[in-house]
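Structural overview
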Amino acid sequence: MSDQEVLGTRAVTRDLYSATIGSVFCCYTGQPFDTVKVRMQTNPGVYSGIFRTVAKTSSEEGVRAFWKGAVPTAMGMALENAMAFGVNEALKRAFPDPSKGSGADPEARPDLSRPFMMGAITGCCSALVLLPSEVVKAKTQVAIGSTSSGDIAREMMRRQGVRSMFTGFEAQIMRDGPFYAFFFGSYDLLCYVFRTNVPSMPDELNFFLSGGFAGMLGWAAAMPFDVPKTNVQASWDSKVVGSYFPELLRIGRERGITGLYSGLGPTLARAFPANAALFLGVELSKKAFDDFIWNE
C-alpha cells in the first residue's frame with residue numbers, strides 16, 4: 001500500500017471514529033428535548049407547551065419516557081454523523097480552500113462560503129443513511145405506553161415491508177439540506193470568529209460554543225421543513241414519496257406559519273447542549289486518535 005493510500009485510510013478511519021464518539025455524546029444529551037419536540041409537533045392539542053409536555057409525560061410514563069427511541073437514535077446518529085462528517089471532511093480534502101494552501105498567507109481570511117455549500121451537499125448524502133432510524137424513532141416517540149423501537153420496527157415490516165423504512169424520503173432531503181448547510185457552515189464561521197477575536201479562548205471552549213450555536217442556527221433554518229417531516233414519518237399511512245408537500249400545505253392552512261415552528265423551543269434548547277457535546281466529542285476524539293491510536 002502506497003503512502004498516499006495509507007494516509008487516505010487513516011483520514012477516513014479518523015473521521016468515522018470521531019463521529020461515532022461524538023454521536024453518543026450528542027444522543028444522550030439531547031434525546032429528552034427531542035422527545036418533547038416530536039410530541040409537540042405531532043399532537044399540539046395535547047402537548048401545547050414545553051412545561052405541559054414535560055409534566056404530562058412524567059406523570060403518565062415516568063422520566064425514562066424522555067429517552068424513548070434513544071437506541072435507534074444513537075445507532076442512526078452514529079451512521080448519520082459518520083456519513084456527515086466523513087463526507088464533509090472528504091469534500092474539504094478534495095476541494096481545499098486556496099487560502100489555506102501551500103504558500104498562502106496564514107493570516108488570510110478563509111473562504112467562509114465553502115463550508116455552507118459543502119454542508120448542503122453533505123445533508124443530501126446523510127439523509128439516505130439516517131432515514132430508516134428517523135422513521136422508527138418518530139413512530140416510537142409518539143407511541144403511548146411501553147412500546148419499544150423493536151415493536152415499532154416489526155409492526156412497520158408487517159404492514160408495509162422494507163419500504164416502510166423509507167417513508168418520507170423527500171421529507172428527509174428537504175430537512176437535511178438546509179440543516180447541514182448552516183450546521184457545518186456556521187461552525188467553521190464561528191470557530192474562525194472566536195479564534196480571531198478571542199485568541200486567549202481555549203480550543204475546547206471554542207469547539208463547545210461554536211458547536212452549540214451552530215446546532216441552534218442549523219435547526220432554526222431547518223425547522224419549517226422538519227415539522228411536516230415529523231408528521232409524515234410518525235404517521236402509519238404515509239408514502240415513501242408523495243406525502244411531504246401535501247402535509248406541508250395542510251399544516252400551513254390549519255396552523256398558519258407558526259405551525260411550521262411547533263417545537264422550536266425544545267429544539268433550540270436541545271440544540272445547544274447536544275451539538276456542543278457532538279463537536280467537542282468529535283474534536284477531542286480526533287486528538288485522541290492522533291495521540292494514542294494512529295500516530296502520523
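Structural data are supplied above this passage.
Structure report, in brief. (Residues numbered from 1 in each chain as written. Predicted model: local features only at pLDDT ≥ 70, side-chain atom pairs only at ≥ 80, totals over all residues. Heavy atoms only, no water.)

**Some points on the overall build of the protein**
Within the protein, the secondary structure is distributed over nine helices and zero strands. Start at the N end of the protein and walk to the C end: the helices and strands fall as α-α-α-α-α-α-α-α-α. The C-alpha radius of gyration computed for the protein amounts to 20 Å, which stays within 12% of the reference 19 Å derived for 296 residues, consistent with globular compactness. If you line up the protein on its principal axes, its C-alpha atoms span 60 × 45 × 35 Å. Going through the 296 residues of the protein one by one, you find that 49% of them count as buried. In the protein, the share of contacts with a sequence separation of at least 24, taken over all contacts with a separation of at least 6, comes to 79%. Accessible area for the protein stands at about 13900 Å²; split by element, carbon and sulfur atoms hold 65% of it. (Helix = DSSP H or I, 4+ residues; strand = E, 2+ residues; numbered from the N terminus. Rg over C-alpha atoms; globule rule 2.2 N^0.38 Å. Buried < 20%, exposed > 50% of the residue type's maximum accessible area, 1.4 Å probe, protein only. Contact = heavy atoms within 4.5 Å. Areas by Shrake-Rupley, 256 points an atom, 1.4 Å probe, with all protein chains shown as cover.)

**A short note on the packing of helix H3 (residues 70-94) against helix H9 (residues 264-293)**
The description of two helices packed together rests on the angle between their axes and the distance between the axes. Across the interface, H3 lies against H9 with an axial gap of 13 Å and an inter-helix angle of 60°. You can see that H3 and H9 cross each other, and the crossing is right-handed. Only Arg270, Leu278, Phe279, Val282 and Lys286 of H9 make contact with H3, whose side of the interface consists of Met77, Asn81, Phe85 and Glu89. The residue inventory of the contact of H3 with H9, partitioned by class, reads five nonpolar, one polar and three charged. (Axes fitted to C-alpha atoms, helices over the stretch in contact; angles between N-to-C directions. Left-handed = near helix turned anticlockwise from the far one by under 90°. Nonpolar A, V, L, I, M, F, W, Y, C, P; charged D, E, K, R; others polar.)

**Quick look at the nonpolar core**
Among the nonpolar cores identified, the biggest contains 26 residues, and Phe85, Phe183 and Phe184 are the most heavily contacted of them. Where this core is concerned, the elements lending two or more residues are helix H1 (3-42), H3, helix H6 (169-197), helix H7 (203-234) and H9. Those residues in contact with Phe184, other than ones at most four positions away along the chain, are Ala84, Phe85, Asn88, Pro115, Gly119, Thr122 and Phe279. (Core = buried A, V, L, I, M, F, W, Y, C linked by side-chain atoms within 4.5 Å.)

**Quick notes on the side chain of Asn88**
Looking at where Asn88 falls in the secondary structure, it is placed in helix H3. If we ignore the near neighbours within four places in the chain, the residues touching Asn88 are Met118, Gly119, Thr122 and Phe184.

**Examining the pattern of salt bridges**
The full count for this structure, using the stated rule, is 21 salt bridges. Residue Asp34 pairs with Lys137 through a salt bridge whose shortest N-O separation is 2.9 Å. In this pair, Asp34 is assigned in helix H1 and Lys137 in helix H4 (residues 114-142), connecting sequence segments 103 residues apart. One exposure class covers both Asp34 and Lys137, and it is buried. By sharing partners, the salt bridges in this structure join Asp34, Lys37, Glu134, Lys137, Arg175, Asp176, Asp226 and Lys229 into a single network. (Salt bridge = Lys/Arg side-chain N within 4 Å of Asp/Glu carboxyl O.)

**Some points on the side chain of Ser238**
Positionally, Ser238 belongs in the loop between H7 and helix H8 (244-255). A distance of 2.6 Å separates a polar side-chain atom of Ser238 from the backbone oxygen of Val232. Leaving out residues up to four positions away in the same chain, Ser238 has contacts with Gln160, Thr167, Val232 and Ser243. (Polar contact = N/O pair within 3.5 Å; in protein donor to acceptor, adjacent residues only side chain to side chain.)

**Structural notes on H8**
Between the first and last C-alpha of H8 there are 16 Å, a value that for 12 residues agrees with the 16 Å anticipated at 1.5 Å per step. Turning to H8, its buried residues are Tyr244, Glu247 and Ile251. Taken end-on, H8 shows its buried residues confined to a sector of 65°, consistent with a single buried face. The outward face of H8, more than 90 degrees from its buried face, is lined by the exposed residues Leu249 and Arg253. In this structure, the buried residues of H8 make contact with H6 and H7. Remark: Gly256 follows H8 within two positions and exhibits a positive phi of approximately 80°. (Expected span 1.5 Å × (residues − 1). Arc of directions from axis to C-beta.)

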